[in-house]
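What the coordinates show
Chain by chain, the residues:
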Amino acid sequence: MDTALTRLVGVRHPLVQTGMGWVAGPRLVSATAEAGALGILASATMTPDRLREAIREVRSRTSAPFGVNLRADAADAGDRVRIMIEEGVRVASFALAPSPELIAELKAAGVVVIPSIGARRHAEKVAAWGADAVIVQGGEGGGHTGEVATTVLLPQVVDAVGIPVVAAGGFFDGRGLVAALAHGAAGVAMGTRFLLTSDSTVPDAVKARYLAATVRDVTVTTAVDGLPHRMLRTELVDALESSGRARTLLHSVRRAAGFRRLSGLTWRQMIRDGLAMKHGKELTWGQVLLAANTPMLLRSAMVDGRTDLGVMASGQVAGVIDDLPSCAELVERVMKEAEETLARLAAAR
């Protein structure tokens, strides 16, 4: 299927595997790339040295294009951009809008810049700064999310910008891909659907928890870091929502200490990153620390398998997914379903 996305990044299919922290590592990214979709390596949970190693590991597994996801507000974002350029990464993905200077540096090196946005005005801003495409995530998507549904947000953004738009939030099959194309998108991005594959390194017990979830088990809470965060309802979520400020602060300090050891960040850098995520919100110091070390909460579940102690970011589609195909099987299935859907529409016409 030929779209503006496939032509822009050089993949065979208009599908993107999103850069999920502790999930989108070399194995998942390379499997996605080999299947003909665009895999995005998550770098926020890696040290710069580990990022370089991970890029080279993906390169050793596949010659297909792939990307790296960055936190634009991270203190070392510039260093990570330079690593990407030096290692010849094809696509830079951002969870927050990158600065015009970062966009210019990447584009000068021939890197395709694709920020993720959750509002029309943000898409207009990054497009004016030179972004090559945008990923538009509606409220159905996992992790930090907004209130506007994809079916409302997507056509708004398509009409507002003149660059390729990739739809995210609520996609898991070929019918969704065709629907996104009908809205004017150039492809779809999926996180939870790629998390729930046999190529994902997420522990089996965690995958089982996702597969057992219904759509009612996926909630949005501000208890973790003060921002709307879509995830599976777990014991941790219940505890944070019922905790007072003192207990939340104690919990945050313990988690922050663990993430500090793993990431190599100083306390000053962690607090700076936490404050950067406030976005004008009134957060307690406990929430600021939780915002800074949310990666540690994700690691507890996605790496250690502690569903009782970790954050399990999830799109609403977790409630309708019931299997664990390989990335190759998933991509083939989605594209076959899309072709069948298009054929049915053509026959009806």
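In this text the structure is predicted, and so the values were computed from the model without any measurement.

What follows is about the overall build of the protein chain. Summing up its helical and strand segments, the protein chain has 16 helices and 11 strands in all. Considering the protein chain as a whole, with its 349 residues, one finds that 55% of them fall into the buried category. Relative to all contacts within the protein chain whose residues are 6 or more apart in sequence, the contacts with residues 24 or more apart total 62%. Carbon and sulfur atoms provide 51% of the accessible area of the protein chain, an area that totals close to 14600 Å².

A separate point is the packing of aromatic side chains. The full count for this structure, using the stated rule, is 0 aromatic pairs. Between arginine 299 and the ring centre of tryptophan 22, over which it is positioned, the NZ or CZ distance is 5.5 Å.

Here the focus is the sheet that holds strand E6 (residues 134-137). Two modes of strand pairing occur in sheets, parallel and antiparallel, and in both the strands are linked by backbone hydrogen bonds. Strands sit in the order E1-E2-E3-E4-E5-E6-E8-E9 around a closed barrel of 8 strands; the barrel is parallel. Between one strand axis and the next, the sheet turns through 25° on average, direction left out of account. Here E6 pairs with strand E8 (residues 165-168) via 4 bridges, running parallel. The residue bridging isoleucine 135 from the neighbouring strand is valine 166, located in E8. Its contacts with the sheet put helix H2 (residues 26-34) on strand E1 (15-17), strand E2 (38-42) and strand E3 (66-70), and the angle it makes with E2 is roughly 165°.

Right, let's get into the confidence of the model for the protein chain. On average, residues of the protein chain score 90 in pLDDT, and 85% of them are at 70 or above. Within the protein chain, the lowest mean pLDDT, 56, falls on helix H12 (residues 245-263), and the highest, 99, falls on E1.

Rules of the game
Residues numbered from 1 in each chain as written. Predicted model: local features only at pLDDT ≥ 70, side-chain atom pairs only at ≥ 80, totals over all residues. Heavy atoms only, no water. Helix = DSSP H or I, 4+ residues; strand = E, 2+ residues; numbered from the N terminus. Buried < 20%, exposed > 50% of the residue type's maximum accessible area, 1.4 Å probe, protein only. Contact = heavy atoms within 4.5 Å. Areas by Shrake-Rupley, 256 points an atom, 1.4 Å probe, with all protein chains shown as cover. Phe/Tyr/Trp six-rings, centres within 6.5 Å; stacked < 30°, edge-to-face > 60°. Lys NZ or Arg CZ within 6 Å of the ring centre and 35° of its normal. Pairing = 2+ DSSP bridges. Axes fitted to C-alpha atoms, helices over the stretch in contact; angles between N-to-C directions. pLDDT = per-residue confidence, 0-100.

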